[in-house]
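Chains, contacts and geometry: an overview
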Amino acid sequence: SQTIHQWPATLVQPVGSPLSLECTVEGTSNPNLYWYRQAAGRGLQLLFYSVGIGQISSEVPQNLSASRPQDRQFILSSKKLLLSDSGFYLCAWRTSGTSGVRGANVLTFGAGSRLTVL
Amino acid sequence: SQQGEEDPQALSIQEGENATMNCSYKTSINNLQWYRQNSGRGLVHLILIRSNEREKHSGRLRVTLDTSKKSSSLLITASRAADTASYFCATAVGWGKFQFGAGTQVVVTP
């Protein structure tokens, strides 16, 4: 079956420390992968998306970077965290047909990683 | 700015009542999707409606789409306490990219 895993689930980090959030998917190959950030009580902001190994598109300039070292692995990183990096980070992959409509693409999300920068 | 904008921002109803929330978007779409997020969890896809459809049903969910007004609505009938969650509309912007609105927070009280 197709599943998506994110870790860690929660993280408390001091300002200026590095960050690494990991996302892996199972049961599929060559997925499109996404990192979103959600501020408290807000919508989702698309940060990065990837269509394949080593292929990363950044949506907004920021203190974060993403990498895709393997087909089913997507990593979100920072060298030095800022207070404004706090939030709920969601990894997702693009699936097709789950809505029952042939050819339609929908997103399947991981459980999220809550980052608090102090 | 967000491609999808939901209103109201928050909705409080009692069990058994219907909950209606709306979504407006700016650009042409192929389809519009609704997702649900329980507190502190990831989003779960609920229903998709294509641009050539006007209405779609799935269980207690009913979605409408008016492409002339660039708007959609999600109706949850006979709500239950378990429907308490945030609901987001999403549209595909460009190839393979999805943009989400700020969401409607629904609280269903027993």
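Just above sits the structure.
The structure contained in this document is the topic of the report that follows. All of these numbers come straight from a predicted model, not from anything done at the bench.

As for the overall build of chain B
The secondary structure content of chain B amounts to zero helices and eleven strands. Reading the secondary structure of chain B in the N-to-C direction produces β-β-β-β-β-β-β-β-β-β-β. In terms of C-alpha radius of gyration, chain B reaches 13 Å, essentially the compact-globule figure of 13 Å for 110 residues. Overall size of chain B, expressed as C-alpha extent along the three principal axes, is 40 × 30 × 20 Å. Across the 110 residues in chain B, those meeting the buried criterion constitute 46%. Look at the contacts in chain B between residues 6 or more apart in sequence, and 52% of them connect residues 24 or more apart. As displayed, chain B offers around 5300 Å² of accessible surface, 46% of which is attributable to carbon and sulfur atoms. A distance of 7 Å separates the average location of the 12 positive side-chain charges in chain B from that of its 9 negative side-chain charges.

Quick notes on the nonpolar core
Formed by 21 residues in total, the largest nonpolar core has its most connected members in Met21, Leu32, Trp34, Leu74 and Tyr87 of chain B. Of all the elements in the fold, those that place two or more residues in this core are β2 (10-14), β3 (19-25), β4 (31-37), β5 (43-50), β7 (61-66), β8 (71-76), β9 (85-92) and β11 (104-109) of chain B. In this view, Leu74 of chain B contacts Ala19, Thr20, Met21, Trp34, Leu46, Leu61, Arg62, Val63 and Tyr87 of chain B; residues no more than four positions away in its chain are not counted. Core analysis: the next-biggest nonpolar cluster, separate from the first, contains 19 residues, Cys23, Trp35, Ala66 and Leu115 of chain A among them.

A look at the interface of chain A and chain B
A common way to express how large an interface is: the accessible area buried when the components associate. Across the contact, 26 residues belong to chain A and 20 residues belong to chain B. Both sides of the chain A and chain B interface together cover about 1800 Å² of buried area, and 58% of this is carbon and sulfur. Along the contact surface separating chain A from chain B lie one salt bridge. Remark: the boundary between chain A and chain B carries five residue pairs in polar contact (both at pLDDT 80 or more). Taken together, the residues of the side of chain A that touches chain B sort by class into 14 nonpolar, seven polar and five charged.

Re the sheet that holds strand β8 (residues 73-78) of chain A
Residue and element names in this part refer to chain A. The strand order across the open sheet built from four strands is β1-β3-β8-β7, with neighbouring strands paired in antiparallel fashion. In the strand order of this sheet, the two ends are held by β1 (3-7) and β7 (65-70), each with one partner. Recorded for the sheet is a direction-independent mean angle of 20° between the axes of neighbouring strands. For β1 and strand β3 (residues 19-26), the ladder comprises five bridges, and the chain directions are antiparallel. Bridged to Trp7 within β3 is Glu22.

With respect to unusual backbone geometry
Omega for the bond connecting Trp7 of chain A with Pro8 of chain A falls within 30 degrees of zero, at 0°, which places this linkage in the cis form. Turning to its location among the elements, Pro8 of chain A is positioned in the loop between β1 and β2 (10-13). Between Asp7 of chain B and Pro8 of chain B the backbone carries a cis peptide bond, its omega angle lying at 0°. Along the chain, Pro8 of chain B falls in the loop between β1 (4-7) and β2. A positive phi angle is found at Lys70 of chain B, which is not glycine, with a value near 50°.

Rules and cut-offs
- Throughout this document, residue positions are counted from 1 along each chain, in the order its sequence is written.
- Written order determines the labels here, with chains lettered from A and ligands numbered from 1.
- Reporting in this predicted model follows two pLDDT cut-offs: at least 70 for local features of residues, and 80 or more for side-chain atom pairs to be given and counted; totals over whole chains, interfaces and linings ignore these cut-offs and use all residues.
- Note that water and hydrogens are dropped before the side-chain values are worked out from all heavy atoms of the structure.
- Here a helix means four or more residues in a row that DSSP labels H or I, a strand means two or more in a row labelled E, and each is numbered from the N terminus.
- Atoms considered for the radius of gyration are the C-alpha atoms alone. The globule rule reads 2.2 Å times the number of residues to the power 0.38.
- When a residue's accessible area, from a 1.4 Å probe over protein chains only, is under 20% of the maximum for its type it is buried; when over 50% it is exposed; and in between it is partly exposed.
- Whether two residues are in contact is decided by their heavy atoms: any pair within 4.5 Å suffices.
- Each accessible area is a Shrake-Rupley estimate made with a 1.4 Å probe; only the visible protein chains count as cover when residues are assessed.
- Positive charges come from Lys and Arg alone, negative charges from Asp and Glu alone, with His and the N- and C-terminal ends not counted.
- We put the charge of a Lys on NZ, of an Arg on CZ, of an Asp on CG and of a Glu on CD.
- Nonpolar core, defined: a set of buried Ala, Val, Leu, Ile, Met, Phe, Trp, Tyr and Cys residues in which side-chain atoms within 4.5 Å join the residues together.
- Throughout, the accessible surface (probe 1.4 Å) given up by two parts as they are put together, summed over both, is called the buried area.
- Any carboxyl oxygen of Asp or Glu within 4 Å of a side-chain nitrogen of Lys or Arg constitutes a salt bridge here.
- Identification of polar contacts relies on pairs of N or O atoms within 3.5 Å, with a donor-acceptor requirement for protein atoms, meaning one able to donate a hydrogen and the other able to accept it, and with residues adjacent in sequence counted only if both atoms are side-chain atoms.
- Ten residue types, Ala, Val, Leu, Ile, Met, Phe, Trp, Tyr, Cys and Pro, are classed as nonpolar, four, Asp, Glu, Lys and Arg, as charged, and the remainder, Gly among them, as polar.
- Pairing between strands is defined by DSSP: at least two bridges between the two strands are required.
- Fitting a line to C-alpha atoms yields each axis, with helices limited to the stretch in contact; the angle taken between N-to-C directions then spans 0 to 180 degrees.

Distances and angles like these do not, on their own, reveal function.
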